[in-house]
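Observations on the three-dimensional arrangement
Listed below are the residues making up each chain.
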Amino acid sequence: MTAPITLGLNLLLGIAGGIAVGGGVIALFIVLDMVPRLAQLTSSYDKVHWYEGAMIGGSLLGTMSDFWNWRISSGPVVELGVGLFDGIFVGMLAAALTEVLNVLPILAKRLQMTHYLFGLLMAMVCGKVAGSLFDFFVYQQ
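Residues numbered from 1 in each chain as written. Predicted model: local features only at pLDDT ≥ 70, side-chain atom pairs only at ≥ 80, totals over all residues. Heavy atoms only, no water.

**Quick word on the packing of aromatic side chains**
So the rule is basically this: Aromatic pairing here means that ring centres of Phe, Tyr or Trp (its six-membered ring) are within 6.5 Å. Orientation follows from the plane angle: under 30 degrees is stacked, over 60 is edge-to-face, and everything else is tilted. Exposed residues in this analysis have more than 50% of their type's maximum accessible area, buried residues have under 20%, and partly exposed residues fall in between, with area computed by a 1.4 Å probe over protein chains only.
This model, assessed by the stated rule, comprises 3 aromatic pairs. Here phenylalanine 67 and tryptophan 68 contribute two aromatic rings whose centre-to-centre distance is 5.3 Å and whose plane-to-plane angle is 75°, an arrangement assigned as edge-to-face. Comparing phenylalanine 67 with tryptophan 68, the two get one shared label, exposed. Ring centres of phenylalanine 136 and phenylalanine 137 lie 4.9 Å apart, and the angle between their planes is 80°; this geometry places the pair in the edge-to-face category. Each member of the pair, phenylalanine 136 as well as phenylalanine 137, carries the same accessibility label: exposed. Through a chain of ring-to-ring contacts, the aromatic side chains of Phe67, Trp68 and Trp70 assemble into a single cluster.

**Describing helix α2 (residues 34-42)**
Put simply, the rule reads: The numbering of helices and of strands both runs from the N terminus, where a helix is a DSSP run of H or I of at least 4 residues and a strand a run of E of at least 2. The directions considered for the arc run from the helix axis to the C-beta atoms.
When we look at burial in α2, the residues that qualify are Met34, Val35 and Ala39. Projected down its long axis, α2 shows its buried positions confined to an angular sector of 130°, all on one face. Residue serine 43 follows α2 closely and has a positive phi angle near 50°.

Okay, structure coming up:
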């Protein structure tokens, strides 16, 4: 009797976690205006659906490849292409975050928290570093 309960609980937690993470990623993309900004910079408003489909398809493919441990044995040319596309994505995300970071000083000024702005930024940086170190040294072992 405990096996079906455990399976149901694992299924429920997995679906809830997936919805939470997926919602967070989509909220990040919406807040950063990545797709409209990309269409604006490239003057390709008619291809917005292609950008959205590529984001959804890429995240789905990435999730499936990570979940089932897919491995691709290919040459350095394919690896170079994958690395190039990864670099383009990270660069675009970093550029979008740079534009959004201007929100923090404005928000701190309106909430009268300018004295705590440095602490807020340091908390964000330390949290990211601590999470990365935990993932590298503990979780990946």
